[in-house]
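Observations on chain architecture
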Amino acid sequence: MESQQDGTQDTVGLVHRPTRADILVGVLARERRRRLHLVRWGFTGLFAAFAVLVVAAQRSSSLSWVTAVFCAALIWSIPHLQAHHALRTVSWQGEYRTSVSGTGITTDTVHTTLVQRWSVFRGYRETRDHVVLLSRDPNILLVEVLPKRGLHTPQDAERLLDVLSRHLPRV
């Protein structure tokens, strides 16, 4: 997708294939915004502490230790499992061509075209390699991840953030 600027309309294009790492960034941003990471780490720590207590107990079963370690690992891995599942859901669509403009975000694949107006989103977060847009709904069910590697030039990253900041707050 080509980047263009014609007076009032500034469009920034990205071309990419979603990766598990891209989706994980979105899942973790959503989790942090909802403060679910505190719950996840709390339960992970609780089960890890239980595993240590089981080992320290004189008469403990190995099944109790294995169960506690398994639960701690499973709870810790929830965002990774979500990212893996989401990637399986979207990867078959191939290359994503996304344009970010004053009207919103348009994403084209071989199979679909998705147009999202700015009113869908509550704000955005920037990471080193991604920009994550979070939906307005209370549970943040929709997350749009824009990987910076899909931009054509390094200057496009600044232009992308400029377009986003005109329409959405940084959250």
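The structure reproduced in this document is the subject of the present report.

Thresholds applied
- Residues numbered from 1 in each chain as written.
- Predicted model: local features only at pLDDT ≥ 70, side-chain atom pairs only at ≥ 80, totals over all residues.
- Heavy atoms only, no water.
- Pairing = 2+ DSSP bridges.
- Helix = DSSP H or I, 4+ residues; strand = E, 2+ residues; numbered from the N terminus.
- Axes fitted to C-alpha atoms, helices over the stretch in contact; angles between N-to-C directions.
- Expected span 1.5 Å × (residues − 1).
- Buried < 20%, exposed > 50% of the residue type's maximum accessible area, 1.4 Å probe, protein only.
- Arc of directions from axis to C-beta.
- Contact = heavy atoms within 4.5 Å.
- Salt bridge = Lys/Arg side-chain N within 4 Å of Asp/Glu carboxyl O.

1. Structural notes on the sheet that holds strand β8 (residues 143–147)
- Strand order across the open sheet formed by three strands is β6-β7-β8, with antiparallel pairing between neighbours. Looking along the sheet, the strands with just one partner apiece sit at the ends: β6 (121–126) and β8. Averaged over all pairs of adjacent strands, the angle between strand axes in this sheet comes to 15°, irrespective of strand direction.
- Sheet analysis places strand β7 (residues 130–135) next to β8, joined by five bridges and oriented antiparallel. For Val-131, the partnering residue across the bridge sits in β8 and is Leu-146.

2. Examining helix α4 (residues 78–90)
- Between its first and last C-alpha atoms α4 spans 19 Å; for 13 residues at 1.5 Å apiece the expected length is 18 Å, and the two agree.
- The complete set of buried residues in α4 reads Pro-79, Ala-83 and Leu-87. Seen along its axis, α4 keeps its buried residues to an arc of 75°; they face one direction. Exposed and oriented more than 90 degrees from the buried face of α4 are His-85 and Arg-88.
- At its buried positions, α4 is contacted by α1 (20–33), α2 (36–56) and α3 (62–76).

3. With respect to the pattern of salt bridges
- Evaluated as defined, the whole model comprises ten salt bridges.
- One salt bridge in this structure joins Arg-149 and Asp-22, with 2.6 Å as the shortest N-O distance. Of this pair, Arg-149 sits in the loop between β8 and α5 (154–167) while Asp-22 sits in helix α1, and the two are 127 residues apart along the sequence.
- Judged by relative accessible area, Arg-149 falls into the partly exposed class, the value being 46%.
- Where salt bridges share partners, they join Asp-10, Asp-156, Arg-159, Asp-162 and Arg-166 into one cluster.

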